[in-house]
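# Commentary on secondary and tertiary structure
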Amino acid sequence: MSEARLIDGRAEADNLRARVAAEVAELKARHGLTPGLAVVLVGEDPASQVYVRSKGEQSQAAGMHSVTHKLPAETSQAALIDLVRQLNADPAIHGILVQMPLPAGLDEKAVIAAIDPDKDVDGLHVINAGRLSQGLPALAPCTPVGCMILLRQTLGEDLSGLRAVVLGRSILVGRPVAQLLLQADCTVTIAHSRTRDLASVCREADILVAAVGRPRMIPGDWIRPGATVIDVGINRVPFDDPAKAAEGKTKLVGDVDFRTALKVAGAITPVPNGVGPMTVACLLANTVTAARRIHRV
Ligand code: NDP
């Protein structure tokens, strides 16, 4: 049997960024509107610093107005919410993203609730989650939006009638990707840590989206032959090579066991360079959408 087709998230993210940059140029030229993104980072978490830098650089490269607010880990809840309110009121800002996780002691839910839903480009506010679940126009979370773009690029625009299984039910990935699949007229099953006989559930899927955060949990024999597999998981594990592992070197793997899945799936996203690059590109796209809606253009 031939190997699965690789879904190239890096190339698709490049295409999306180019489309966003063209749209930004058009909004500036025709409407004098420059979409603006504000990213807020609290504390010194190294991974968050990398993500925030990349969000700032990519939004600037797309021609957007971009501001980054770096606050110390000791920042109080009141001061953080005050900054969010200032950004809500700032007409140059159309998208607000508070980088998660927040340092201990800060209430993530309360901070998300303080963001103006029209500027909630991370799509985490209950208003956006509610709109999404009712099939209304919403700012949807970036990674799920990226998953849908990759699926349509692989399978075509029409996904109706396909059986989709989503592994994971977080508000960041599992639930919203399930809602987007439902909007696309898929028949959707959401599986989680209490699901019985996960292997059989997975084997029903024409589309399998894995967002569990457990390295290589899904082996090839859980995958229906020819299925499209979207592996959202990003897990850091020691190298297989004992010499490299002994040096403490690590690498990234997904939630799917790529080596065995490749022999069964029809198409699959690799980790890295699958879903990962789509997330920031979709953040830029969401910021343009928010700017258009706020200015009604
Ligand atoms: P969460 O930890 O919030 O959610 C994990 C989900 O997986 C939960 O719903 C949990 O079930 C379920 N789960 C855990 N263990 C099992 C199991 N053994 N069997 C079945 N279900 C299980 O993770 P996120 O949704 O935030 O992230 C998931 C993965 O995606 C992570 O690896 C993360 O790093 C990655 N990620 C990647 C992004 C990207 O840009 N590519 C962006 C965001 C996340 P239950 O609810 O029952 O506990």
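The shown structure was predicted, so the numbers you read here are calculated from the model rather than taken from an experiment.

### Focus: the sheet that holds strand 4 (residues 95-98)
Strands sit in the order 3-2-4 across an open sheet of 3 strands; the sheet is parallel. The sheet terminates laterally at strand 3 (65-71) and strand 4, the two strands that pair on one side only. Averaged over all pairs of adjacent strands, the angle between their axes in this sheet comes to 15°, without regard to strand direction. Pairing analysis gives 4 bridges linking strand 2 (residues 36-42) to strand 4, with the strands arranged parallel. Each residue of the ladder has a partner; that of Leu-37, found in strand 4, is Gly-95.

### Re the domain arrangement of the protein
Domain assignment breaks the protein into domain 1 (30-119) and domain 2 (142-278). The straight-line distance from the C-alpha centre of domain 1 to that of domain 2 is 28 Å.

### Quick notes on the packing of helix 6 (residues 142-155) against helix 11 (residues 276-295)
The contact between helix 6 and helix 11 brings their axes to 8 Å, and the two run at 105°. The angle between helix 6 and helix 11 places the two elements in the roughly perpendicular class. Along its contact with helix 6, which presents Cys-142, Thr-143, Val-145, Gly-146, Ile-149 and Leu-150, the element helix 11 presents Met-278, Thr-279, Cys-282, Leu-283 and Asn-286. The class makeup of the residues in the contact of helix 6 with helix 11 is 7 nonpolar, 4 polar and no charged.

Rules used throughout
Residues numbered from 1 in each chain as written. Predicted model: local features only at pLDDT ≥ 70, side-chain atom pairs only at ≥ 80, totals over all residues. Heavy atoms only, no water. Pairing = 2+ DSSP bridges. Helix = DSSP H or I, 4+ residues; strand = E, 2+ residues; numbered from the N terminus. Axes fitted to C-alpha atoms, helices over the stretch in contact; angles between N-to-C directions. Domains from an automatic or database assignment. Parallel < 35°, antiparallel > 145°, perpendicular 65-115°, else oblique. Contact = heavy atoms within 4.5 Å. Nonpolar A, V, L, I, M, F, W, Y, C, P; charged D, E, K, R; others polar.

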